[in-house]
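So you can see what is in the structure, the chains are spelled out below.
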There are 2 protein chains.
Amino acid sequence: MLGIGIDIGATNTKLAVLDKAGRCFREERFHTGQSAGPAVFLGRLGGILKAFKSAYGKKLVSVGVGIAGDVDPEKGLLRFSPNLGWKRMEVSAPIKRMTGLRCFVENDANMAAWGAYVLELGRGPGNVLAITLGTGIGAGLILDGGLYHGATGSAGEAGHIKIVSGGRQCNCGGCGCLEAYCGSYALLREAKVRIPDIAAFVNKYSVPNREKLNTVCLTKAADSGNKTAANIWAEMGDSLGRGLADMLLLLNPDYVVLTGGVSRAARHFMPALRKVFRVQQLKTPFRTVKIKVSKNADLGVYGAALFGLEKAGK
Amino acid sequence: MLGIGIDIGATNTKLAVLDKAGRCFREERFHTGQSAGPAVFLGRLGGILKAFKSAYGKKLVSVGVGIAGDVDPEKGLLRFSPNLGWKRMEVSAPIKRMTGLRCFVENDANMAAWGAYVLELGRGPGNVLAITLGTGIGAGLILDGGLYHGATGSAGEAGHIKIVSGGRQCNCGGCGCLEAYCGSYALLREAKVRIPDIAAFVNKYSVPNREKLNTVCLTKAADSGNKTAANIWAEMGDSLGRGLADMLLLLNPDYVVLTGGVSRAARHFMPALRKVFRVQQLKTPFRTVKIKVSKNADLGVYGAALFGLEKAGK
């Protein structure tokens with residue numbers, strides 16, 4: 001029995017064919033091309049799904065789809081995605097038509113959380129808060145051993161929890177959101193303000209031939225002892241710690257799993273994060289929680305495939 | 001089949017005997033007398049439980065206990081209660097010894113949440129956030145139709161979510177907690193600072209022969225058009241709205257149920273609370289959530305009895 005996973009991101013769409021044990025039989029990826037619109041996107045997706053069908057035939061039993069946006073899992077549609085710019089897009093119906101398979105749609109952070117729960121933690125601890133650190137910040141919740149998506153599939157909007165009243169401008173239009181302090185766009189915004197000669201900085205700390213201010217460059221700078229970069233990461237860790245502290249008080253998870261590209265800078269932000277946990281007044285949730293930084297870049301698409309298999313009862 | 005519910009609060013302990021339909025057959029209450037210690041308390045409790053046993057005999061199948069404090073539901077013990085001043089107290093073991101019945105222990109806000117879910121909402125919506133507004137603030141979570149208590153029974157510590165970075169002093173020792181803005185102690189602290197002649201205020205707005213500054217008095221003042229009191233309630237609504245907004249972003253519940261004594265002032269704080277919800281950038285969780293103010297003062301003890309019956313499979 002095999003399941004197809006699809007992870008639709010603002011930039012790339014990944015596909016994978018997995019069995020229940022998490023073994024990957026095939027992977028594909030293509031540029032989402034959001035500006036061309038949903039119809040063109042679904043056409044490309046259909047081509048790949050058809051190839052999967054002819055390769056694996058009746059072994060395929062389900063499709064799981066994670067999308068960066070506000071998803072209605074009951075109806076299998078995308079309500080809205082600020083990053084994709086798509087609105088009220090049918091997802092499960094066209095995929096079902098194209099494949100004849102049952103299709104389950106969730107927010108991408110939820111699918112990454114399921115992936116972390118199954119692949120990273122082996123379904124051991126029942127309560128897992130998986131945080132995706134990228135341009136923005138998302139969360140997926142595994143509670144009492146099941147994926148929790150809330151009343152309308154919108155649970156886990158952790159990036160917009162307020163950590164500073166009337167604080168920094170967030171991409172969502174609000175102020176003081178966790179994401180406005182810990183999303184990669186916020187970190188780069190800070191870097192641009194604080195680093196006097198940004199061109200020299202980029203030149204010094206970028207990967208050769210990929211000269212660009214990004215979090216990889218900011219990580220390399222901190223590795224090399226650049227104080228400004230180290231401070232930006234330390235402040236990010238403090239902010240993330242405070243946001244997580246609110247979530248831990250409410251949810252008391254066994255595990256926090258940090259995923260996404262920005263989590264690769266964990267060595268620079270974790271000390272400040274752990275310090276926030278140490279000074280909490282209510283001790284139990286902070287003493288008992290375990291924090292894991294995932295190195296698996298494919299939790300989203302693998303999680304989607306595994307979640308589809310789970311929901312299909314396979 | 002009947003279940004015993006016990007709600008152990010800092011001031012009073014309530015007991016009730018209920019059937020599964022929520023019909024109450026007997027109620028008792030006594031002063032918890034926390035200063036005399038757990039042994040004296042358990043002695044008094046035992047007397048009442050014995051009376052229940054002789055009245056209802058084999059019809060009794062379970063005991064549910066809610067305690068104001070950090071509870072370990074697996075081991076059936078109270079880890080610590082700041083309000084009771086009790087530490088590492090066995091709860092389910094002595095009750096089991098005294099009654100011969102299965103006993104389930106949870107934080108009191110969890111039991112009130114279960115009571116709200118069963119009695120107020122008829123188990124209709126699957127995801128309910130029940131907020132207890134009293135001296136402090138607690139929360140109980142019903143998620144996907146079950147009581148969620150987290151990894152160590154500590155979930156729902158909503159009173160200590162931070163709403164102002166470096167803000168007002170909280171009873172927990174921390175700063176900027178929701179409770180430090182919306183707990184009754186915080187409201188009265190504000191009143192004492194802002195009302196010039198507090199004796200005259202108390203005299204004017206208290207219930208005759210019960211002259212005391214409390215939230216009842218503050219509510220009556222707001223009813224009579226006192227501007228300071230109205231402002232205190234409006235600010236409380238704004239703070240509560242911001243704290244709830246963070247919780248809604250994370251949990252996306254179908255319902256929020258407000259319980260506890262302070263919820264009786266809802267008419268004075270709800271407009272400001274609803275305003276916070278209206279200006280949120282992420283619309284779905286705020287558009288769909290329903291808010292209910294419970295008038296049932298016994299959700300804690302009723303919920304405990306019903307939860308015991310539920311867990312015992314009756």
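Quick caveat, the model's predicted, so the values are computed rather than measured.

Definitions and cut-offs
Residues numbered from 1 in each chain as written. Chains lettered and ligands numbered in written order. Predicted model: local features only at pLDDT ≥ 70, side-chain atom pairs only at ≥ 80, totals over all residues. Pairing = 2+ DSSP bridges. Helix = DSSP H or I, 4+ residues; strand = E, 2+ residues; numbered from the N terminus. Axes fitted to C-alpha atoms, helices over the stretch in contact; angles between N-to-C directions. Core = buried A, V, L, I, M, F, W, Y, C linked by C-beta atoms within 7 Å. Buried ≥ 20, exposed ≤ 12 C-beta atoms within 10 Å, placed from the backbone. Contact = placed C-beta atoms within 7 Å. Domains from an automatic or database assignment. Nonpolar A, V, L, I, M, F, W, Y, C, P; charged D, E, K, R; others polar. Least-squares fit on C-alpha atoms with pLDDT ≥ 70 in both.

With respect to the sheet that holds strand S1 (residues 2–8) of chain B
Residues and elements named next belong to chain B.
Alright, step 1. Strand order in the open sheet formed by five strands is S3-S2-S1-S4-S8, with mixed pairing between adjacent strands. This sheet does not close on itself; its edge strands, each paired only once, are strand S3 (24–31) and strand S8 (102–107). Averaged over all pairs of adjacent strands, the angle between their axes in this sheet comes to 15°, without regard to strand direction.
Alright, step 2. Pairing geometry for strand S2 (residues 12–19) and S3, over seven bridges, is antiparallel.

Notes on the nonpolar core
Alright, step 1. If you look at the biggest cluster of nonpolar residues, it comprises 196 residues, and the most contacted ones within it are Val65 and Ala113 of chain A together with Val65 and Ala113 of chain B.
Alright, step 2. Those residues in contact with valine 65 of chain A, other than ones at most four positions away along the chain, are Ile6, Ile8, Val91, Ile95, Cys103, Val105 and Ala304 of chain A.

Description of the domain arrangement of chain A
Residues and elements named next belong to chain A.
Alright, step 1. For chain A, the domain assignment lists domain 1 (2–119 + 298–311) and domain 2 (123–293).
Alright, step 2. Distance from the C-alpha centre of domain 1 to the C-alpha centre of domain 2: 26 Å.
Alright, step 3. Contact with domain 1, which involves 16 residues of that partner, is made by 17 residues of domain 2.
Alright, step 4. No other element matches helix H3 (residues 108–120), which puts eight residues into the side of domain 1 that touches domain 2.
Alright, step 5. Its residues assigned to classes, the side of domain 1 that touches domain 2 shows 11 nonpolar, two polar and three charged.

Regarding the pairing of strand S4 (residues 60–67) of chain A
Residue and element names in this part refer to chain A.
Alright, step 1. The element S4 is extensively covered by neighbouring structure, given that seven of its eight residues are classed as buried.
Alright, step 2. Sheet analysis places strand S1 (residues 2–8) next to S4, joined by seven bridges and oriented parallel. Within S4, the residue paired with isoleucine 6 across the bridge is valine 65.
Alright, step 3. When S4 meets strand S8 (residues 102–107), the two strands line up parallel, connected through six bridges. Paired with valine 65 across the two strands is valine 105, which belongs to S8.

Some points on the interface of chain B and chain A
Alright, step 1. In this complex, chain B contributes 38 residues to the contact, which on the side of chain A involves 38 residues.
Alright, step 2. Secondary structure elements with two or more residues in the side of chain B that touches chain A: strand S11 (146–148), helix H8 (227–251) and helix H10 (284–288) of chain B.
Alright, step 3. Here the side of chain B that touches chain A takes six residues from H8 of chain B, the largest share from any one element.
Alright, step 4. Split into classes, the residues belonging to the side of chain B that touches chain A amount to 16 nonpolar, 14 polar and eight charged.

Here's the deal with the sheet that holds strand S6 (residues 77–81) of chain B
To summarise the sheet geometry, strands pair through backbone hydrogen bonds and adopt either a parallel or an antiparallel arrangement.
Residue and element names in this part refer to chain B.
Alright, step 1. In space, the three strands of this open sheet follow the order S5-S6-S7, with antiparallel pairing throughout. A strand with exactly one partner marks an edge of an open sheet, and here the two such strands are strand S5 (70–72) and strand S7 (86–90). Strand-to-strand, the axes of this sheet are offset by a mean angle of 10°, without reference to chain direction.
Alright, step 2. In the sheet, S6 pairs with S7 via four bridges, with the strands oriented antiparallel. Its bridge partner being in S7, leucine 78 is matched across the sheet by methionine 89.

Looking at the relation of the copies chain B and chain A
Alright, step 1. For the pair chain B and chain A, the relating rotation is 180°, the translation along its axis is 0.0 Å, and the fit reaches an RMSD of 0.0 Å. What we have between these two chains is a two-fold relation.

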